[in-house]
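In case you want the letters, here they are:
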Amino acid sequence: MGVLDAVADPVRLRIVRHLAGGGSATLAELADVAGVHLNTIRAHVTALEQADVLQSAQKRASGPGRPAAEYRLVEGWGLSSTDFLELAGLLASALVRTNPDDAALRATGADWGRYLVGRPGRHDVAVEMPRALERFGFHAAVSGDVVRISGCPCAVVSPDHPEVVCALATGLVEGILAASGSDRRVAEHDNDPERRRCTLRLTRVH
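Here's a quick rundown of the structure.

Calculation notes
- Residues numbered from 1 in each chain as written.
- Predicted model: local features only at pLDDT ≥ 70, side-chain atom pairs only at ≥ 80, totals over all residues.
- Heavy atoms only, no water.
- Core = buried A, V, L, I, M, F, W, Y, C linked by side-chain atoms within 4.5 Å.
- Buried < 20%, exposed > 50% of the residue type's maximum accessible area, 1.4 Å probe, protein only.
- Helix = DSSP H or I, 4+ residues; strand = E, 2+ residues; numbered from the N terminus.
- Contact = heavy atoms within 4.5 Å.
- Phe/Tyr/Trp six-rings, centres within 6.5 Å; stacked < 30°, edge-to-face > 60°.
- Salt bridge = Lys/Arg side-chain N within 4 Å of Asp/Glu carboxyl O.

Some remarks on the nonpolar core
Among the nonpolar cores identified, the biggest contains 25 residues, and M129, L133, F138, I149, V173 and L200 are the most heavily contacted of them. Here the element with the most residues in this core is helix α9 (residues 162-179); it accounts for seven residues. The contacts of F138, once residues within four sequence positions are left out, are L133, I149, S150, C152, P153, V165, A169 and L172. A6, V11, A25 and L27 belong to the second-largest nonpolar core, a separate cluster that totals 19 residues.

Concerning the packing of aromatic side chains
Under the criterion given, the structure shown has two aromatic pairs. Plain terms: the ring middles of W112 and Y115 are 5.5 Å apart, the flat faces sit at 80° to each other, and that makes the pair edge-to-face. Here W112 pairs with Y115, and both are found in helix α6 (residues 102-117), just three residues apart, close to one helical turn. Owing to a relative accessible area of 44%, W112 belongs among the partly exposed residues under this scheme. Plain terms: the ring middles of W112 and F136 are 6.2 Å apart, the flat faces sit at 85° to each other, and that makes the pair edge-to-face.

Considering the pattern of salt bridges
Tallied over the entire structure, the rule returns nine salt bridges. Close ionic contact of D145 with R184 constitutes a salt bridge, the shortest N to O distance being 2.4 Å. Placement of the pair is D145 in the loop between β4 (139-143) and β5 (146-150) and R184 in strand β6 (residues 184-192), with a sequence separation of 39 residues. Here D145 falls in the partly exposed class, since its relative accessible area comes to 33%. One salt-bridge network, in which partners are shared between bridges, spans D145, D183, R184 and R204.

Okay, here's the thing in structure tokens:
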């Protein structure tokens, strides 16, 4: 699991943000911060440890019994370690305040999609699409008239308004298609922010 995947879950993101100041916390304290059951927090903490985001240490004993473990961020790690993730979140928040419409977001995404492809011409969309979207943290696969995207960063970048990132992603796909000389455009975009997945269905334009 990569760092972005590790912190993309809202519960794990709350854990990281709580510890970002250099402090430490027990499992019980992290469960309280994240608003989940103690049994639930264990799996999230394990995922962050496996991604080398968290490390544990035994808390100094203050009475009988085994001391509880405390967790803190790995030294030198912070949200800025995830490729300007916090800056992306800040920009997304600023964008939301302008109440952008879906068409404007898609147009912006399309401009970037064309830029990523480079010089217009005939390109293999099945190759070009995943390569271009990977630069934004998306994992894409093209199969006929369907583009499946997984690992969407919307849950991290804009958890309260994932539709902003979704609209930009739709525009990116349309721009990539146009610059690749494809006669297809996005007809439908089904979003699933919680699972960080979406499906785009393409249609031929004349």
